[in-house]
Amino acid sequence: MGYPAVQGVRMGKFTEMELDGGLSEGDAKRQVNEICDKLLANPNIESYRFTLEKK
Amino acid sequence: MRFSVTVFPGSNCDHDCEYVVRNVMGQPVEMVWHKETDLRNPDCVIVPGGFSYGDYLRTGAIARFSPVMKSVADFAAKGGLVFGICNGFQILCEAGLLPGVLIRNKSLKFICKNVYLKVENNDSPFTNACPTNKALKIPIAHGEGNYFIDPAGLQKLQENRQVLVRYCDAQGKVTEEANPNGSLENIAGICNEKRNVFGMMPHPDRSGEDVLGSHDGKYFWESILSTVGARK
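All values derive from a computational prediction rather than experimental measurement.

1. Points about the side chain of Asn87 of chain B
Residue and element names in this part refer to chain B.
Logical step 1: Turning to its location among the elements, Asn87 is positioned in helix H3 (residues 87-94).
Logical step 2: Under the relative-accessibility criterion, Asn87 is labelled buried at 1%.
Logical step 3: In this structure, Asn87 is in contact with Pro48, Gly49, Gly50, Phe51, Ser52, Asp55, Thr59 and Gly60, ignoring residues within four places of it in sequence.

2. Here we look at helix H2 (residues 67-77) of chain B
All names here are of chain B.
Logical step 1: Along H2, the residues classified as buried are Val68, Met69, Ser71, Val72, Phe75 and Ala76. Down the axis of H2, the sector holding all buried residues measures 155°, keeping them to one side. Opposite the buried face of H2, by more than 90 degrees, sit the exposed residues Lys70 and Ala77.
Logical step 2: Looking at the buried side of H2, the elements it contacts are strand S1 (3-7), strand S2 (29-33), strand S3 (44-47), strand S4 (81-85), H3 and strand S11 (197-200).
Logical step 3: Backbone geometry just downstream of H2 places Gly79 in the positive-phi region, at approximately 95°.

3. What about the interface of chain B and chain A?
Logical step 1: Every contact between the two is made by 10 residues of chain B and, on the other side, nine residues of chain A.
Logical step 2: In this assembly, chain B packs against chain A so that about 830 Å² is buried in total across both faces, 58% of it on carbon and sulfur atoms.
Logical step 3: Its largest share of buried area at the contact with chain A, chain B owes to Leu57, Arg58 and Phe65 of chain B, together 54% of the area lost on that side.
Logical step 4: Counting across the interface, chain B meets chain A through one salt bridge.

4. Digging into the side chain of Ser71 of chain B
Residues and elements named next belong to chain B.
Logical step 1: Note that Ser71 resides in helix H2.
Logical step 2: Judged by relative accessible area, which is 14%, Ser71 ranks as buried.
Logical step 3: If sequence neighbours within four positions are ignored, Ser71 has contacts with Thr37 and Leu39.

About the cut-offs
- Residues numbered from 1 in each chain as written.
- Chains lettered and ligands numbered in written order.
- Predicted model: local features only at pLDDT ≥ 70, side-chain atom pairs only at ≥ 80, totals over all residues.
- Heavy atoms only, no water.
- Helix = DSSP H or I, 4+ residues; strand = E, 2+ residues; numbered from the N terminus.
- Buried < 20%, exposed > 50% of the residue type's maximum accessible area, 1.4 Å probe, protein only.
- Contact = heavy atoms within 4.5 Å.
- Arc of directions from axis to C-beta.
- Buried area = accessible area lost by both parts, 1.4 Å probe.
- Salt bridge = Lys/Arg side-chain N within 4 Å of Asp/Glu carboxyl O.

None of this, on its own, says anything about what the molecule does.
Given below as structure tokens:
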């Protein structure tokens with residue numbers, strides 16, 4: 001494509017999830033971790049990280 | 001003996017499995033929709049190929065949550081024979097019934113062709129009738145057949161002799177050129193530690209008689225029949 005400045009490319013997946021606002025931060029982290037481990041990421045090939053934000 | 005074939009939305013080799021079991025091997029077979037939990041008392045469950053749930057997220061990642069998979073896991077835990085072919089292998093890996101994962105082919109292309117397989121060891125319920133001194137001609141048809149596992153997992157597979165089939169050339173030599181999809185160590189199929197769950201990417205369901213181009217797939221079905229026959 002003619003962009004010699006590109007030295008490497010990494011692609012991943014980005015997911016936005018809305019949680020019940022009544023959850024404590026600890027519960028929210030625990031549940032998001034579980035969802036990532038069970039479904040969103042395959043630990044054989046993928047790692048993940050997430051941040052919690054208040055709307 | 002009795003076979004049950006699980007059917008997910010997007011399965012497309014369920015009828016190939018039904019055909020080979022019923023018409024080629026002459027055995028009764030039940031089709032079990034993924035919403036069902038009753039496997040109908042089989043000796044062996046086949047998780048067939050296809051594109052369950054359109055391969056969304058990752059191949060097999062969503063199918064593992066279907067109600068029938070809980071029954072398949074319970075059946076496997078009791079020692080029942082579970083045979084995953086192609087997408088079925090991917091589902092069994094995602095469900096944690098087999099270690100590792102199938103990722104995108106090294107070429108990034110879907111590959112549909114006959115390949116040769118070396119049966120690495122016939123000390124399993126699924127390969128005991130397979131010759132180990134000749135290359136078996138069996139078709140593959142997949143975009144994600146590139147087997148991957150971390151080094152510790154690979155070592156465990158080798159120590160426990162869980163690698164049952166590898167890709168090879170027509171002479172039975174396991175070479176890099178004969179590896180169609182980039183699988184680690186040419187791995188085409190593995191079993192679990194207890195050896196009652198087996199997954200392979202190539203299709204013995206599509207190679208049970210000469211009119212299909214090869215009858216070598218029959219060895220796997222004969223192995224299962226002889227295992228169950230000996231158990232009874």
